[in-house]
There are 4 protein chains.
Amino acid sequence: MKKLNIGIVGLGRLGKEYAKNLTYLVPNANLIAACSIRKEELDYVKETYNVPNLYTSYDQMLDQQKDMDAVVIVTSTDQHADAIIKALEAGYHVFCEKPLALNIEDCLRVEKITARHPDRITMLGFVRRFDSSYAEAKIKINEGLVGTPYLLRSQTIDKDTFAPFQIEFCTTGGGIFHDYNVHDIDLAHWYLGSRIEKVWALGGAYRFPEFGLAGDADNTAAMCELQNGTMAVLLASRISSFGHNTCTEIFATEGNLKIGDPPVKNMLQISDKHGIRREGMETFFDRFQHAFLIQIQSFVDHVLENKQPELTMHNATNATLVATALTKSFKEKKPVTIADLIS
Amino acid sequence: MKKLNIGIVGLGRLGKEYAKNLTYLVPNANLIAACSIRKEELDYVKETYNVPNLYTSYDQMLDQQKDMDAVVIVTSTDQHADAIIKALEAGYHVFCEKPLALNIEDCLRVEKITARHPDRITMLGFVRRFDSSYAEAKIKINEGLVGTPYLLRSQTIDKDTFAPFQIEFCTTGGGIFHDYNVHDIDLAHWYLGSRIEKVWALGGAYRFPEFGLAGDADNTAAMCELQNGTMAVLLASRISSFGHNTCTEIFATEGNLKIGDPPVKNMLQISDKHGIRREGMETFFDRFQHAFLIQIQSFVDHVLENKQPELTMHNATNATLVATALTKSFKEKKPVTIADLIS
Amino acid sequence: MKKLNIGIVGLGRLGKEYAKNLTYLVPNANLIAACSIRKEELDYVKETYNVPNLYTSYDQMLDQQKDMDAVVIVTSTDQHADAIIKALEAGYHVFCEKPLALNIEDCLRVEKITARHPDRITMLGFVRRFDSSYAEAKIKINEGLVGTPYLLRSQTIDKDTFAPFQIEFCTTGGGIFHDYNVHDIDLAHWYLGSRIEKVWALGGAYRFPEFGLAGDADNTAAMCELQNGTMAVLLASRISSFGHNTCTEIFATEGNLKIGDPPVKNMLQISDKHGIRREGMETFFDRFQHAFLIQIQSFVDHVLENKQPELTMHNATNATLVATALTKSFKEKKPVTIADLIS
Amino acid sequence: MKKLNIGIVGLGRLGKEYAKNLTYLVPNANLIAACSIRKEELDYVKETYNVPNLYTSYDQMLDQQKDMDAVVIVTSTDQHADAIIKALEAGYHVFCEKPLALNIEDCLRVEKITARHPDRITMLGFVRRFDSSYAEAKIKINEGLVGTPYLLRSQTIDKDTFAPFQIEFCTTGGGIFHDYNVHDIDLAHWYLGSRIEKVWALGGAYRFPEFGLAGDADNTAAMCELQNGTMAVLLASRISSFGHNTCTEIFATEGNLKIGDPPVKNMLQISDKHGIRREGMETFFDRFQHAFLIQIQSFVDHVLENKQPELTMHNATNATLVATALTKSFKEKKPVTIADLIS
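Computed from a predicted structure; not experimentally measured.

### A look at the interface of chain D and chain A
Counting residues at the interface gives 34 residues for chain D, matched by 34 residues for chain A. Carbon and sulfur atoms supply 56% of the area that chain D and chain A bury against each other, a total of about 2500 Å² over both sides. It is Tyr24, Met267 and Leu268 of chain D that lose the most area in chain D upon contact with chain A, and together they represent 27% of the buried surface on that side. Remark: the boundary between chain D and chain A carries four salt bridges. A salt bridge links Glu279 of chain D to Lys140 of chain A; the shortest N-O distance between them is 3.0 Å. Applying the counting rule to chain D against chain A returns 10 residue pairs in polar contact (both at pLDDT 80 or more).

### Structural notes on the pattern of salt bridges
All names here are of chain C. Per the counting criterion, the structure on display carries 101 salt bridges over all chains. Residue Arg109 pairs with Asp106 through a salt bridge whose shortest N-O separation is 2.9 Å. Residue Arg109 and its partner Asp106 are both found in helix H5 (residues 104-116); the two are separated by three residues, about one turn of the helix. Take Arg109: its relative accessible area is 36%, and that puts it in the partly exposed class.

### Topic: the sheet that holds strand S5 (residues 93-97) of chain B
All names here are of chain B. The strand order S3-S2-S1-S4-S5-S6 describes an open sheet built from six strands, whose pairing is parallel. Looking at which strands have only one partner, the edges of the open sheet turn out to be strand S3 (53-55) and strand S6 (122-125). Adjacent strand axes in the sheet meet at a mean angle of 20° when their direction is disregarded. In terms of strand pairing, strand S2 (residues 29-35) meets S3 through three bridges, oriented parallel. Residue pairing across strands places Cys35 opposite Tyr55, the latter belonging to S3. Helix H11 (residues 284-304) rests against strand S1 (4-9), S2, strand S4 (70-73), S5 and S6 of the sheet, and its axis sits at about 165° to S5.

### Quick look at the relation of the copies chain D and chain A
At an RMSD of 0.0 Å, chain D and chain A line up after a rotation of 180° and a shift of 0.0 Å along the axis. The transformation relating the two chain copies, once decomposed into turn and shift, fits a two-fold axis. A shared interface surface links the copies, since 100% of the contact residues of chain D are contact residues in chain A too.

### Let's talk about the relation of the copies chain D and chain C
Least-squares fitting of chain D to chain C yields an RMSD of 0.0 Å, with the transformation described by 0.0 Å of translation along the axis and a rotation of 180°. In this assembly the copies share their binding face: 100% of the residues contributing to the interface of chain D also contribute to that of chain C.

### Description of the UniProt feature "domain: Gfo/Idh/MocA-like oxidoreductase N-terminal" (unreviewed entry) in chain A
Here the UniProt feature "domain: Gfo/Idh/MocA-like oxidoreductase N-terminal" (unreviewed entry) sits at residues 4-121 of chain A. For the annotated span residues 4-121 of chain A, helix accounts for 46% and strand for 21% of the residues, and the straight-line distance between the end C-alpha atoms is 13 Å.

### Quick notes on the confidence of the model for chain A
With 100% of its residues at a pLDDT of 70 or more, chain A shows a mean pLDDT of 96. The ipTM for the predicted assembly is 0.96, set against a pTM of 0.97.

### Topic: the pairing of S6 of chain B
All names here are of chain B. Every second residue of S6 is oriented toward a common face, with Thr122 and Leu124 on one face and Met123 and Gly125 on the other, all of them buried. Relative to S6, S5 is paired through four bridges, and the arrangement is parallel. Counted as the bridge partner of Val94 is Thr122 from S6. With helix H5 (residues 104-116) bridging S5 and the parallel S6, this β-α-β connection has right-handed handedness.

### Let's talk about the interface of chain D and chain C
Interface size is commonly expressed as the accessible area that is lost once the parts come together. Across the contact, 14 residues belong to chain D and 14 residues belong to chain C. When the buried area of chain D at its contact with chain C is split by residue, Phe242, His274 and Ile276 of chain D rank highest and sum to 48% of it. Seen at the junction of chain D and chain C, the total is zero salt bridges. Remark: the boundary between chain D and chain C carries four residue pairs in polar contact (both at pLDDT 80 or more). Elements represented by at least two residues in the side of chain D that touches chain C include exactly strand S13 (264-272) and strand S14 (275-280) of chain D.

### Description of the domain arrangement of chain A
All names here are of chain A. Its domain assignment divides chain A into domain 1 (4-127 + 291-299) and domain 2 (129-287 + 319-342). Using only C-alpha atoms to locate each centre, domain 1 and domain 2 end up separated by 26 Å. With 21 residues of domain 1 at the contact, the number on the domain 2 side is 21 residues. In this assembly, domain 1 packs against domain 2 so that about 1700 Å² is buried in total across both faces, 68% of it on carbon and sulfur atoms.

### Overview of the side chain of Asp106 of chain C
What makes Asp106 of chain C buried here is its relative accessible area of 16%. Leave out the neighbours within four places in its chain, and Asp106 of chain C touches Ala81 and Ala101 of chain C.

### Let's talk about unusual backbone geometry
All names here are of chain A. Here the amide bond leading from Lys98 into Pro99 is cis, since omega sits at -15°, within 30 degrees of zero. Within the element layout of this structure, Pro99 appears in the loop between strand S5 (93-97) and helix H5 (104-116). For the bond from Asp261 to Pro262, the omega torsion is -5°, close enough to zero to count as cis. Positioned with a positive phi, Asn306 is a non-glycine residue whose angle comes to about 55°. Within the fold, Asn306 resides in the loop between helix H11 (284-304) and helix H12 (313-332).

### Re the nonpolar core
Residue and element names in this part refer to chain B. Formed by 105 residues in total, the largest nonpolar core has its most connected members in Tyr58, Val72, Tyr191 and Phe299. The element that contributes the greatest number of residues to this core is helix H9 (residues 176-192), accounting for 10 residues. Among all residues touching Phe299, those that are not within four sequence positions of it are Ala70, Val72, His93, Val94, Phe95, Ile121 and Met123.

### A look at the environment of Val72 of chain B
Residue and element names in this part refer to chain B. Among the structural elements, Val72 can be located in strand S4. Judged by its relative accessible area of 0%, Val72 falls in the buried class. Between the C-alpha atoms of Val72 and Ala325, which are 253 residues apart in sequence, the distance is 28 Å. Sequence-distant contacts of Val72, that is, excluding residues within four places in its chain, are made with Ile6, Gly7, Ile8, Val9, Tyr18, Leu22, Phe95, Ile296 and Phe299.

Reading guide: rules and limits
- Residues numbered from 1 in each chain as written.
- Chains lettered and ligands numbered in written order.
- Predicted model: local features only at pLDDT ≥ 70, side-chain atom pairs only at ≥ 80, totals over all residues.
- Heavy atoms only, no water.
- Contact = heavy atoms within 4.5 Å.
- Buried area = accessible area lost by both parts, 1.4 Å probe.
- Salt bridge = Lys/Arg side-chain N within 4 Å of Asp/Glu carboxyl O.
- Polar contact = N/O pair within 3.5 Å; in protein donor to acceptor, adjacent residues only side chain to side chain.
- Helix = DSSP H or I, 4+ residues; strand = E, 2+ residues; numbered from the N terminus.
- Buried < 20%, exposed > 50% of the residue type's maximum accessible area, 1.4 Å probe, protein only.
- Pairing = 2+ DSSP bridges.
- Axes fitted to C-alpha atoms, helices over the stretch in contact; angles between N-to-C directions.
- Least-squares fit on C-alpha atoms with pLDDT ≥ 70 in both.
- UniProt positions renumbered as here; feature names shortened; annotations may be inferred.
- pLDDT = per-residue confidence, 0-100.
- Right-handed = clockwise from strand over helix to strand, strands pointing away.
- Domains from an automatic or database assignment.
- Core = buried A, V, L, I, M, F, W, Y, C linked by side-chain atoms within 4.5 Å.

Right, dumping it as structure tokens:
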């Protein structure tokens, strides 16, 4: 079996999961190198996954690890663009976690460099596209089962227990629209077959005033108009009391598809004095753990088959554009047209 | 509009509901008389429903209320047979709550008298047949939607809060098989198109030892073989912690019909620290309130249209026969064949 | 029992249901008069409900029916305001179907006259408040079960089979925002404890171009900001392929309440080659039939107890204001502030 | 990391899955040998999983593969007992797919040999115990969440598309009770904390007469009494039209736990002209794929930690005993007491 030699950069919570997947669960991948500025993270992957080559400098890894075929980037979002560009220019295939960047300039820089390296496979990780239920919905739409979609309602909602921990993450993550709704934006583009062109966002710090002080929100609602006349309604929340609750509903002319509702943890129903009930999932990772694996497997397969993924850097730029517009709309308390951002 | 003049006997909890339905909700009925040995119950229906003629003697009502067309019997079960026979012999149409009787002799007495009065409409109240979901399941089966049914799983489960109150009712109600499973037995006969011929019942007083001391159970399970080779599994329980839980599942060669699950109170879903949940129904009456109305309306219509109901006294006898066999099987701890009860 | 003598005006589909409820199902009501310009509708209620006094002129009914206590108005919406005003000035209590009117001037006229007749009970029919699940949600909120609500998502969705029939109704009904979303608007005000002050509406004729030609839409989405900083997202659709689908979700700081989902017809689950499935409801009337009864019963009780309902004419005005703003936003393709409508 | 060297015997559909899991998904396992009498199966695992040592003789593998620590047995059931015994006597740890055997003699032979090798880890694969929902139910019971269990209802139901293929498998698999209900039997023992002592089984070939001709059934129902007075109701079916449908319900004194219902394929809800629906799972493997992995991982961990699993060979014998009693009861059409089988 042909195997892909991979180096990973970024070994936080999600980075460690990629390391685990690449070590054990992707048969045609070899995780041969890892990079982090945190010594304890390098120690962890050495001990746990036996990664042979460790780096504290990304440039050094790119330069010295000659047998490496591809780089997997799981750093903080503000470093995505530079990391992608450096990897491409050093000749590697690249997988990068979503979102592409927090501003349009970075996105366009990446697009430009990507265009210069058409023989390098470049993939951005919008993980929901790889979830079996989201993927099945796309298949049903393509088969014409429910007619033509005209409205998408999509929400990204995290459990409240994670909110306190995320307050300091507001800045590096770009706020709730870049961090949460960027997924829903990409789904709107994917399912509705068009691009969002006008948005209005509302929101507030309804439970944790700290998010307000940081210029962010713990809950938002946004409405979007797409170029083809379809519509999208996007919700985001950091304060669900019962669990992670990602849900997407697609309204189409001859039917309706709903994904992820109810957001239950497993197949156990409990009936007792609290009623007839199901327990919720703790985190987005409980919900999308399998999709993360399918996604990185897909990247490896695309490289080995020398095939670019369906989702392009330009798609990723568009998602960031809309997240930027939503952030601006929320802050300036008025509708924002995408075209005005790039003129 | 032609209206039916009705007298009611038995004014307990369920009797009062019949009185309300007949007074307000059945347009072509006049509740003109009521009978109870309890003075306070007569006072109640006089005040609440303005029933003009009140009796403490059933014989007197039958004898004196010359303008009465029909009698509705909601007494305790041990009085059903005599009450039906007296009414028929006095020339009235009869509706009687389920079950027909607690022993076969009473059933056969009623059948004999009924046969002598073919011009009198006689109806036994197996209320589930009138619930819209149960009725719809029968329609789907008749239409052939799911092929041929071969197995029925049916349960009658009450909330535990009503158990203490029912301990003294064990004797007059005939025990859990006559009181609870008689519905499920009738459904087995109705949906499977045959008669139960052999049964084995288990059970125990798992939570309220008092039911054991009274020779009854708070939970039972029974398996039944029908004459046409199909099967039925019947559960009964007095101790649900989350609400009334009547559920029936019909397994057929090309599909499956499930009625009543989950047994939710309304259309409100609550998601909070206890999970994603729905509240249960308190009582069988919350579940079947509308069916009770449809049922008594159906009786009135049948009389006014001079048409016998689908369910005959012989069907009711068969249900009591099986309940008797289940009781015997439970007490003697061995399978019982129905034929052995009537030989 | 003290009974209220009622006259009804408007005997279309919904008017007939009010007539039935008032005749049979509201014990303390007497339907003594009915008015319609359509002779065949008067014939119908005479034959079916035995209504003794029939009028083709509303003025005449108000003038001549001296024993009448209250008027129930179920006319087309454009006649609501005048009908209410005339009834109040003639000294009657008034119940009127929603919405109050299609423009603000009519609403304010009614408010002014209502204020002059504080001894007359005046009630507007926002029926969802009387549905047991919606009412239970309000109780849970008042009890503090889920903390403070900050976002309401609410939709009014009809089955596609009714769309063709409704095209000509666009004009008299005021369009989809006045006809459909006015319920959701009232719920937003009720549950969120504030008033909508700014809206943006999108929409289109995605399946029936005829609605577009009539200046209306078959689907809309709207986002609303309330005075207290909370948010509402409102959807409306005329083209559900599987049934009526009214659903409301309340996001609160410590929990979530969802009402009406899944919008199933009954308690029958069918499993066959099409999957595990439930049938949907045909019409809003299948969904709210019981609430319509509870609502008119409530009106009768309020009159007999001489108590004004919780929902005032001013609340009704506010709902019409927002529906007007949504219509304007949809037509002018930009956000609309409520204050700008009334200045 | 300490790793376990494993040889596998039996490379049918399920065997290949074990090979995949052991190759890729169990980090501390090395699949170093494989045995099958079918040349093409050996070719498959060599090519696909790069298994280095291949055998057509089980004895030879046991004899020659000196670096092997443990054997995983996925042969047909009639070979389980001998394969276990040989492996133990050759000094290997053993994992064997369920059921232990089709007759009691074989079970007792295994128990005897197992007792002689207490230092060898021996594990029987009752996979449901490793499913996260089944495991969570056990935890809830142990925590006392629902009080004391007194009734288990459990069913194993396969999709009808697999029935034709299984007709010839009837003999080697031991029939529907050994092949399907043996799981439910083990769950009854596990959750109810006791052993089944008396059974009555019914059944028939309701859709595929071929099963009847083979002395088997396509549907069965069975009722069981346990030594501690609790009850179990077991269903099995080969003819579900909508998908695999394994479901277990535990009735306890203060609550109810239901596992696996509804048996949906994923988190996609489709609403269209067929209603509001979810698609079902195709096979038991779609349902228990993850549990199979957890299970074999658990075996490897138990060996490396030198710890015997909770489920003993005696438990496995008890399950086979009950399956044998059910088969006898079904064939002889009468209740069977377990004690009578072993005296």
